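Examination of the molecular architecture
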Amino acid sequence: MYRYDEYDQALVDQRVAEFRDQTQRFLAGQLPEDEFRALRLRNGLYLQRFAPMLRISIPYGLLSSKQVHMLAHIARTYDKGYGHFTTRQNIQFNWPKLETVPDILADLASVEMHAIQTSGNCIRNITADHLAGVARDELVDPRPYCEITRQWATFHPEFNWLPRKFKFAFSSSTTDRAATRVHDVGVHIVRNETGELGYSIFVGGGLGRMPMLAHKIREFLPEADLLSYLEAVLRVYNRLGRRDNIHRARIKILVKELGPAKFTELVEAEWAQIDKAAFTLNPDELQRMKAHFTPHSYAAGADADRSYAAALAADSAFASFVRRNVREHRVPGYKAVFVSLKPLGVAPGDITAAQMDLVAELAKLYSFGEVRATHDQNLVLADVAQKDVYSLWQALKAAGLATPNIGLLTDMICCPGLDFCSLANAGSIGVAADINDRFDSLDHLYDIGEIKLKMSGCMNGCGHHTVGHIGILGVDKKGEEWYQVTLGGSAENDASLGDRTGPSFSRDEIAGAVVRIVETYLGQRRDEDETFLQCYRRVGMAPFKTRLYSEDAVAA
Amino acid sequence: MSEFIRNTEIAADDFVALADDQPLPATGRFIVPLARWLELRPTTGSDVVIGVSLPNTTDIDTVWTALADRPLIELQFPTFGDGRAYSQARVLRDRYGFTGELRARGSAVVVDQAVQLARCGFNAYVLRADQHAEEFLARLLSTADTAWYQRPSRRRLPATARQT
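Residues numbered from 1 in each chain as written. Chains lettered and ligands numbered in written order. Predicted model: local features only at pLDDT ≥ 70, side-chain atom pairs only at ≥ 80, totals over all residues.

**Notes on the overall build of chain B**
For the record, the criterion: Strands here mean DSSP runs of E at least two residues long; helices mean DSSP runs of H or I at least four residues long; both are numbered from the N terminus. Both definitions apply: the radius of gyration is a C-alpha atom measure, and the globule rule equals 2.2 Å times residues to the power 0.38.
Within chain B, the secondary structure is distributed over five helices and eight strands. Listed by position from the N terminus, the elements making up chain B come as β-β-β-β-α-β-α-β-α-β-α-β-α. Relative to the 2.2 N^0.38 estimate, which gives 15 Å for 164 residues, the radius of gyration of chain B is 16 Å and therefore close to what a compact globule would have. Seen through its C-alpha atoms, chain B measures out along the principal axes to roughly 50 × 35 × 30 Å.

**Brief notes about the nonpolar core**
A general tendency of soluble globular proteins is for nonpolar side chains to be buried together. Keep this limit in mind: By definition, a nonpolar core groups buried Ala, Val, Leu, Ile, Met, Phe, Trp, Tyr and Cys residues that are joined through C-beta atoms within 7 Å. Residues are called buried when their C-beta atom has 20 or more other C-beta atoms within 10 Å, exposed when it has 12 or fewer, and partly exposed otherwise; all C-beta atoms are positioned from the backbone. With C-beta atoms placed from the backbone, a contact is any residue pair whose C-beta atoms sit within 7 Å.
Counting residues in each nonpolar core, the largest one holds 196 residues, and the members touching the most others are A:Phe170, A:Val233, A:Val359, A:Leu381 and B:Tyr125. At nine residues, helix 6 (residues 226-240) of chain A tops the list of elements feeding residues into this core. What A:Val359 contacts, discounting residues up to four positions off in sequence, is A:Val68, A:Val339, A:Val371 and A:Leu379.

**What to know about the pairing of strand 2 (residues 52-56) of chain A**
All names here are of chain A. Stated formally: Strand pairing is defined by DSSP finding a minimum of two bridges between the two strands.
Counting buried positions over the five residues of strand 2 gives four, a clear majority of the element. In this sheet, strand 2 lies alongside strand 1 (residues 45-47) in antiparallel orientation, the contact comprising three bridges. Counterpart to Leu47 in the pairing with strand 2 is Pro52. Note: strand 2 against strand 5 (residues 91-93), three bridges, orientation antiparallel. Following the sheet pairing, Leu54 is matched in strand 5 by Phe93.

**Topic: the pairing of strand 17 (residues 453-456) of chain A**
Residues and elements named next belong to chain A. Residues of strand 17 alternate between two faces, with Leu453 and Met455 on one and Lys454 and Ser456 on the opposite face, all of them buried. Sheet topology places strand 16 (residues 413-414) next to strand 17; two bridges connect them, and they run parallel. Each residue of the ladder has a partner; that of Cys414, found in strand 17, is Met455. Pairing geometry for strand 17 and strand 18 (residues 470-477), over four bridges, is parallel. Of the residues in strand 18, the one forming a bridge with Lys454 is Gly471.

Without other data, these values stay purely geometric and don't point to any function.
Written out as C-alpha cells, the structure reads:
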C-alpha cells in the first residue's frame, strides 16, 4: 500500500498544527463560528445532534493493521468504544469532544492518516473498487491512479472553495463495484482499440434530492493526461457551478442545465488551453506510484491445499459463509473474505474497538496486514490463502463478524439517521433492525438471493437509497417519521435510479412493506436464478404496487 | 480600516479606488472597475496609472486583451466561501503570464486562506477589516518552504515531481 514519504508526512503534520490553532482561536472567541464551521468541515469535523462527529479519511478504503489498531485506540480513548464505517469507505466517530480533536488528528498523523477534506465544499476522499488488485475481472490496479488523484486533490489551492462537495470514484473492472456512475466524476480505466491505457470520464452523477447518472464526456483520455483533464473539469465547475442555491450547486446540476454536450465542449476548450506538459504523468512518476501497490508475495501452490474443500464439505455453516462472504481471487488458492458489519441488531457499518483490534490481528496473520473498507459498509481481508479461510471464519464468527449475508437483503446500506445526524428527518437504524428481524428466518426459508436494500434518513441520500434495488428514504411529515420506497435502482454497470412505489409508509408499516415487496418478488420470479432486480425489470412496478397498496395489505 | 500587504511586506496602499461618478484626475494611481476601464482605455494619458478590478464572474479569456498591459489587477471574494477568483488568478498567471500586481480583496482575504491565495498567484492583499496583517504575514511565511503536491502558480517544476 502507499507509504508516506517525508513530504506527505510534513503536509499532514502541518495541517494538524493549523487545525489546533484554528480550534484554539475558535474556543477563545477569535474566530467567527460560521468560519470555523467551514474550516473544521475541511477537516471532517461536524457539530452534530449530540456531540461532534469526526470523519476520518481512508483513501480508496485501504488500511494497514497498524492503522486499524489506531482506529481502535481512538474509539476507546476519545469515543464510546466504537466507530462507524461509511458509504465513502471512510470511518466516523460520533462522540469525540471538540477540544480533543486536535489530539486525535495528531494520533492519526502518527500512522499516516488524517481527516483532510472529508467534508466541506472541496474534493473529497477518492473511492475505488474494494477488490482492487485482486479481482479477476480487473484491467489494471486502479489504486496508483487513485493515489495520484488523491495527492493532486489534497490542498489544491484553486479548488478548495468549490460551489459544493466533489466526489471521485475509480473503477478498472468489467463489474463496477465502486458506483462510479453516481459520482461527480467517475473514472473508468480502459484500453482503447489500439491497446493503449487510458480513461473514460463520466461527469455529473450523484444521489441526494436530485439523483442523476453521470454522462460520459470523454470516451478515451490518454493515461498521461489524467490531471490536466481533471483540472479542466474542476475549473469549469469552479467558475460556472451555481452558488445561489445549495440544492443546485453540485456539478450534476451544471451538466444538466448546460446539457452534457455544451458542458463537454467547455471542458474540452479549457483543456485545450491548459499547459498539459506541466501535468503529464511521466513514466517515472507512474512507476514510483505503481511500486507502492506491487502484488503481495503469494505462496506458490496455495491451491494444492485440500483442507478448504474438506471443511466446505464437512461444515455447512462454513459453506454458507463461503457462499455469501468469500470471493474469488486472481491468484489460484487465494480468496477475498468479507467481514460483515451487518449482524442482526447492530447499526450497519458499526464496529467496536475490540472488533477492530481483532480484525487488525487477523489481517496480520492471514492477509498481509491489510484491510479494506467497502462502500457497502463492510470490511474485506482480500488476500487470504484458502487453507486459512476456515480458521479466519472461526475467529470472525466468535466476534460476531461472520454473518453470512454479503449482498443479501440484510446486508443493507444505511446512514446514521436521526439517531446521530443533525440533517436526518427520520431514524434509519431502528428500521434496519426491524427489517432484519422480519427477514432473519425468511431469508433462509426462501433463499431470496441478492437484494441491495439501501436506506437514508433524509434527502441527502448518504445511504444511497436511490440506487438500492429496494430504496428507503426517511421523510418528515408534520413531525412524524415516514418512509418513501423506490424499486429497481442499481449502482453497478447497469446503473439505474429507482422508481417510487407511491405514497410513503409510516414507521409501523415500513418493515411490513419490505416483506410484501419481497413476497411479491418470490411470487413473480421465474426461478431461483432470477434476481430481484432482473425480476423487477421484467415485470415492472404494477404487481408490487398492487400488493403494497391493496386494502388487504393496508389492513395487515 | 483594512491593512494591506504587498510582496510579503506590510505596506501603505498607494492606489485609490475611483468611484464610477468621480472624474479621472490627470495624475495619480487608481483602481477602476472593468467596465470603466473599457471606456477610459482609448483616452488615458501617460501620467496616470490605472489598475482594473474584476468581478469574480468575468471570463478572463474574453477580456485579457484589454488587460494585458495593466500594472495591477484586483480580484474579488464577495463571501468567505466563494472561490471563483482563485480560478481567475490561475488563468491570469499561468495562461497569460500576467506579471503585474495581482490583488485579492473581500471576505476571503483572511489568515486561513492566505496560503491558498499566494499559491494561486496573488501577491497583494487588502485584508478583511477584522484581520491583522502580522498574523496574515506570519501564516504566509510559515509555509514558504512547504512542498505542496501541486506546482506553485509562479514556479515551474517538472510534472509531478515535488520540490526537494
